[in-house]
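In case you want the letters, here they are:
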Amino acid sequence: MESVVSVWGKLDARRRLVVVGATLAMFAAVLFLARGPGPGTMALLYAGLDPAAAGEVVAALEARGTPYEVRGDAIWVPESARDQERMTLASEGLPATSGQGYELLDSLSGFGTTSQMFDAAYWRAKEGELARTILAVPSIRGARVHISAGASRPFRREDAPTAAVTVTTRSGALGPDQADALRHLVAAAVPGLDPADVAVIDAERGLVAGRTDAQAPDTRAEELAQRAQRLLEARVGAGNAVVEVSIDAVTESERITERSLDPEGRVVISTDAQEGKSSGEGGGSVTVASNLPDGEAQGGGPTSSEESSHTVTNYDVSETSREVVRAPGAVRRLTVAVLVNDVPATDAEGVVTFSPRPAEELAALGELVSSAVGVDAERGDVLTVKSMPFEPLATEGSEAAPAEGRPFDLMSLLRPVLLALVAIVLGLFVVRPLLRSGAQANMVPLPPALPPFEGIGLPMTAPMLAGDFGGFGGGPGEVADAEIVDPAARLRRLIEERQDETAQILQSWIDEVPGAGRAQETA
């Protein structure tokens with residue numbers, strides 16, 4: 001550190017400016033290489049946000065100075081800052097997904113809050129919570145819920161609640177099954193609300209009809225095909241059988257009422273029997289005397305009596321009544337098609353050939369499939385079993401290969417190399433020449449030759465004092481700080497520290513002096 005301060009103090013103003021400029025340029029190059037030419041690899045931050053929520057996110061990124069790109073409805077940020085930005089935005093409550101929920105009730109107090117105000121806040125909180133739950137579905141981008149519960153009034157029948165749900169999907173249309181799920185979700189959250197009274201509206205396609213029981217998809221054909229295919233693959237192997245089942249179902253409903261009468265089959269329904277008896281006088285003629293009270297009439301003539309019986313039997317004709325109701329969905333006709341792969345065989349040369357399966361095997365497979373799916377020949381069902389070679393399916397597009405490790409980034413590898421090159425260039429060609437020129441400018445000139453060093457008999461030259469010992473040590477900076485007054489003491493100290501190197505240098509000097517070799521031999 002002292003040598004650097006000494007060298008800095010010996011530089012003039014021009015060289016100091018050059019050194020400062022070179023240092024600043026080196027730091028700028030380091031920062032540029034560390035940051036890179038741009039924001040680097042961009043990663044998706046958020047996509048599919050509402051314009052208002054997206055604007056809030058962009059404003060927060062601009063406030064922090066984070067670089068970003070807007071591509072359609074997606075916001076992209078540098079990959080290195082994506083996770084941190086998500087956590088920071090989440091701490092700020094961004095992006096805002098929906099309106100407030102039950103936290104609306106926290107601001108209500110018992111003072112100054114009427115029942116109407118509390119009811120309004122309660123239903124707003126209910127709508128917000130339902131919207132948050134619906135937004136948890138990955139395929140739904142936006143949701144709004146409106147509930148009409150009706151005001152409870154005395155002496156009036158309460159109105160049934162209704163609701164409406166408006167959703168915006170990320171892609172595609174909202175299906176009937178999803179619409180029914182939303183209906184049941186809202187109906188379960190609102191007491192007394194029937195799922196049929198919940199309207200589901202797609203923001204782009206309008207009202208979405210639900211799927212009733214009559215409109216439920218008929219999965220019987222698929223289930224029968226899977227049942228038969230499992231049975232076949234147990235024999236021919238997985239992927240060597242294809243089963244298709246077609247069901248001709250009854251789509252209309254029918255009600256049949258039948259009444260039959262049998263005139264030969266009489267049935268007694270009632271019997272009425274009556275009996276009677278009558279009496280009277282008979283014989284003799286009628287005269288005037290017979291009409292007198294005390295006449296001949298008192299004697300009278302002979303009398304007669306009569307008995308009678310009457311029976312009435314009621315019959316009814318035999319009658320049979322029958323009512324038959326046929327609902328949609330009954331199987332009218334069943335068609336089953338079975339395709340099995342031929343038997344592969346490999347010859348001596350390694351060529352694979354396919355041969356059809358025997359007829360006996362196909363018949364046995366047909367009987368198994370017929371029993372599995374319930375084929376009825378009297379109903380007109382048809383079962384077809386064929387053996388054919390399967391054609392290999394060509395792969396469309398490029399085959400996806402698993403990525404191994406992180407993707408290769410050439411810039412990340414070149415940055416440290418470029419940084420090292422910049423540091424070397426600035427150090428060798430800018431800073432070092434300036435330091436050497438400054439040190440050489442402040443060196444004290446020495447005489448070309450000094451008196452012989454005692455004990456050696458060799459002249460002390462300026463290159464020796466300048467440290468030019470061929471690897472012996474010392475440089476221009478050391479010369480500047482050398483003890484100029486007593487160079488012999490400096491040389492003596494260097495000889496004591498590096499004896500082996502000194503001996504080699506002295507030997508090289510002796511060889512260079514004319515006649516030194518002969519003097520050595522004489523000695």
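Rules behind the numbers
- Residues numbered from 1 in each chain as written.
- Predicted model: local features only at pLDDT ≥ 70, side-chain atom pairs only at ≥ 80, totals over all residues.
- Heavy atoms only, no water.
- Helix = DSSP H or I, 4+ residues; strand = E, 2+ residues; numbered from the N terminus.
- Buried < 20%, exposed > 50% of the residue type's maximum accessible area, 1.4 Å probe, protein only.
- Contact = heavy atoms within 4.5 Å.
- Patch = residues over 30% accessible without salt bridge, like charges linked within 9 Å, V, L, I, M, F, W, Y side chains within 5 Å.
- Areas by Shrake-Rupley, 256 points an atom, 1.4 Å probe, with all protein chains shown as cover.
- Salt bridge = Lys/Arg side-chain N within 4 Å of Asp/Glu carboxyl O.
- Pairing = 2+ DSSP bridges.
- Axes fitted to C-alpha atoms, helices over the stretch in contact; angles between N-to-C directions.
- Left-handed = near helix turned anticlockwise from the far one by under 90°.
- Nonpolar A, V, L, I, M, F, W, Y, C, P; charged D, E, K, R; others polar.
- Polar contact = N/O pair within 3.5 Å; in protein donor to acceptor, adjacent residues only side chain to side chain.
- Core = buried A, V, L, I, M, F, W, Y, C linked by side-chain atoms within 4.5 Å.
- Expected span 1.5 Å × (residues − 1).
- Arc of directions from axis to C-beta.
- Parallel < 35°, antiparallel > 145°, perpendicular 65-115°, else oblique.
- Phe/Tyr/Trp six-rings, centres within 6.5 Å; stacked < 30°, edge-to-face > 60°.
- Lys NZ or Arg CZ within 6 Å of the ring centre and 35° of its normal.

*Asks:* Is there a simple way to think about the overall build of the protein in this case?
*Replies:* When helices and strands are counted, the protein shows 14 helices and 14 strands. Counting over 523 residues, the protein shows a buried share of 22%. A separation of at least 24 residues holds for 69% of the contacts in the protein among residues at least 6 apart in sequence.

*Asks:* When you look at a nonpolar patch on the surface in this model, what are you seeing that I'm missing?
*Replies:* A contiguous nonpolar surface patch, about 320 Å² in accessible area, is contributed by L414, V417, L418 and L421. Along the chain, V417 turns up in helix 9 (residues 410-441). With a relative accessible area of 46%, V417 lands in the partly exposed category.

*Asks:* Is there a simple way to explain the pairing of strand 12 (residues 343-346) in this structure?
*Replies:* For a regular strand, side chains alternate in direction, first toward one face of the sheet and then toward the other. By the bridge criterion, 4 bridges tie strand 12 to strand 13 (residues 352-355) in an arrangement that is antiparallel. In the sheet register, P344 faces strand 13, and the bridge partner there is F354. In this antiparallel pair of consecutive strands, strand 12 and strand 13, the connection spans 5 residues, and G350 shows a positive phi of 85°.

*Asks:* Looking at this model, I keep getting lost on the packing of helix 7 (residues 220-236) against helix 8 (residues 359-373). Mind explaining?
*Replies:* To characterise two packed helices, one gives the angle between the axes of the helices and the distance between these axes. At their nearest, the axes of helix 7 and helix 8 sit 9 Å apart, and the two run at 150° to each other. Crossing handedness for the pair helix 7 and helix 8: right-handed. Of the residues in helix 8, those touching helix 7 at L224, R227, A228, L231, L232, R235 and V236 are E361, L365, L368, V369, A372 and V373. Tallied by class, residues from the contact of helix 7 with helix 8 come to 10 nonpolar, no polar and 3 charged.

*Asks:* Even after reading the chapter, I still don't get the side chain of R357, so can you show me in this structure?
*Replies:* Turning to its location among the elements, R357 is positioned in the loop between strand 13 and helix 8. Take R357: its relative accessible area is 11%, and that puts it in the buried class. At 2.7 Å, the side chain of R357 and the backbone oxygen of N341 are in polar contact. One polar contact links R357 to E361, side chain to side chain, over a distance of 3.1 Å.

*Asks:* It is not clear to me how the nonpolar core should be interpreted in this structure. Could you clarify?
*Replies:* Considering soluble globular proteins, one finds that nonpolar side chains tend to be buried as a cluster. Within the largest apolar cluster, 21 residues are counted, with the highest numbers of intra-cluster contacts made by I134, V145, V165, V167, V186 and L193. Among the secondary structure elements, those contributing two or more residues to this core are helix 5 (115-135), strand 4 (140-148), strand 5 (162-169), helix 6 (176-189) and strand 6 (198-202). Residue contacts for V186: discarding those within four places in its chain leaves L130, A163, V165, L193 and V198. One finds A228, V243, V340 and L362 within the second-largest nonpolar core, a separate group that totals 17 residues.

*Asks:* Got a minute to help me understand the side chain of E85 in this structure?
*Replies:* Turning to its location among the elements, E85 is positioned in helix 4 (residues 82-91). For E85, the contacting residues outside a window of four places in its chain are L45, L61, R64 and T66.

*Asks:* Got a minute to help me understand the sheet that holds strand 2 (residues 69-71) in this structure?
*Replies:* For sheets, the rule is that strands pair by backbone hydrogen bonds, running either parallel or antiparallel. Sheet architecture is open: 3 strands sit in the order 1-3-2, paired in antiparallel fashion. In this open sheet, the two strands that pair with only one neighbour each are strand 1 (42-47) and strand 2. Looking at each pair of strands side by side, their axes are set apart by 35° on average, direction ignored. By the bridge criterion, 3 bridges tie strand 2 to strand 3 (residues 74-78) in an arrangement that is antiparallel. Looking across to strand 3, one finds that V70 is bridged to I75. Contacts between helix 3 (residues 51-64) and the sheet are confined to strand 1, strand 2 and strand 3, with strand 3 contributing the most and set at about 20° to the helix. Lying on the sheet, helix 4 is in contact with strand 1 and strand 3; it crosses strand 1 at an angle near 25°.

*Asks:* What's the story with helix 3 in this structure? I'm lost.
*Replies:* Residue pairs spaced three or four apart in an α-helix point in one direction, given the helix's 3.6 residues per turn. Between the first and last C-alpha of helix 3 there are 20 Å, a value that for 14 residues agrees with the 20 Å anticipated at 1.5 Å per step. For helix 3, every residue scored as buried is listed here: A53, A54, V57, V58, A60 and L61. Down the axis of helix 3, the buried set is contained in an arc of 160°. They therefore lie on one face. Along helix 3, the residues that are exposed and aim more than 90 degrees away from the buried face are P51, A52 and A63. Check the buried side of helix 3 and you find it contacts strand 1, strand 2, strand 3 and helix 4.

*Asks:* I would appreciate a short explanation of the packing of helix 3 against helix 4 in the present structure.
*Replies:* Contact geometry of helix 3 with helix 4 gives a least axis separation of 11 Å together with a crossing angle of 115°. In terms of axis orientation, helix 3 runs roughly perpendicular to helix 4. Both helix 3 and helix 4 take part in a crossing whose hand is right-handed. For the pair helix 3 and helix 4, the contacting residues are V57, A60, L61 and R64 in the first and E85, T88 and L89 in the second. Classifying every residue of the contact of helix 3 with helix 4 gives 4 nonpolar, 1 polar and 2 charged.

*Asks:* Would you take a moment to explain the environment of V340 for this structure?
*Replies:* Within the secondary structure layout, V340 lies in strand 11 (residues 331-341). Look at V340 and you get buried, because its relative accessible area is 0%. C-alpha separation for the pair V340 and R357, spaced 17 residues apart in sequence, amounts to 8.6 Å. Look past the residues within four positions of V340 in its chain and what remains in contact with it is N240, A241, R357, L362, L365, K386, S387, M388 and F390.

*Asks:* Help me understand the sheet that holds strand 6 in this model?
*Replies:* Spatially, 4-5-6-7 is the arrangement adopted by the 4 strands of the open sheet, whose pairing is mixed. Lying at the two open borders of the sheet, with one neighbouring strand each, are strand 4 and strand 7 (206-207). Helix 5 rests against strand 4 and strand 5 of the sheet, and its axis sits at about 155° to strand 4. Sheet strands touched by helix 6: strand 5 and strand 6. Its angle to strand 6, the strand with the most contacts, is close to 135°.

*Asks:* Looking at this structure, how should I read the packing of aromatic side chains?
*Replies:* Aromatic rings in a pair are described by how distant their centres are and how their planes are angled relative to each other. By the definition in use, this model includes 1 aromatic pair. Ring geometry for Y122 versus W123: centroids 5.2 Å apart, planes at 70°, classification edge-to-face. A residue is classified by how much of its surface remains accessible, and Y122, at 28% relative accessible area, is partly exposed. It is R71 that lies over the ring of W76; its NZ or CZ is 4.3 Å from the centre.

*Asks:* Mind showing me how you'd approach the pattern of salt bridges here?
*Replies:* Pairing is possible between side chains that carry opposite charge, provided their charged atoms lie close to one another. Inspection of the entire model under this criterion finds 15 salt bridges. A salt bridge links E69 to R71; its shortest N-O distance comes to 2.7 Å. Residue R332 is joined to D248 by a salt bridge in which the shortest nitrogen-to-oxygen separation is 3.9 Å. Highlighted residues: R332 in strand 11 and D248 in strand 8 (residues 241-249), separated in sequence by 84 residues.

Interpretation in functional terms is not warranted from these geometric data alone.
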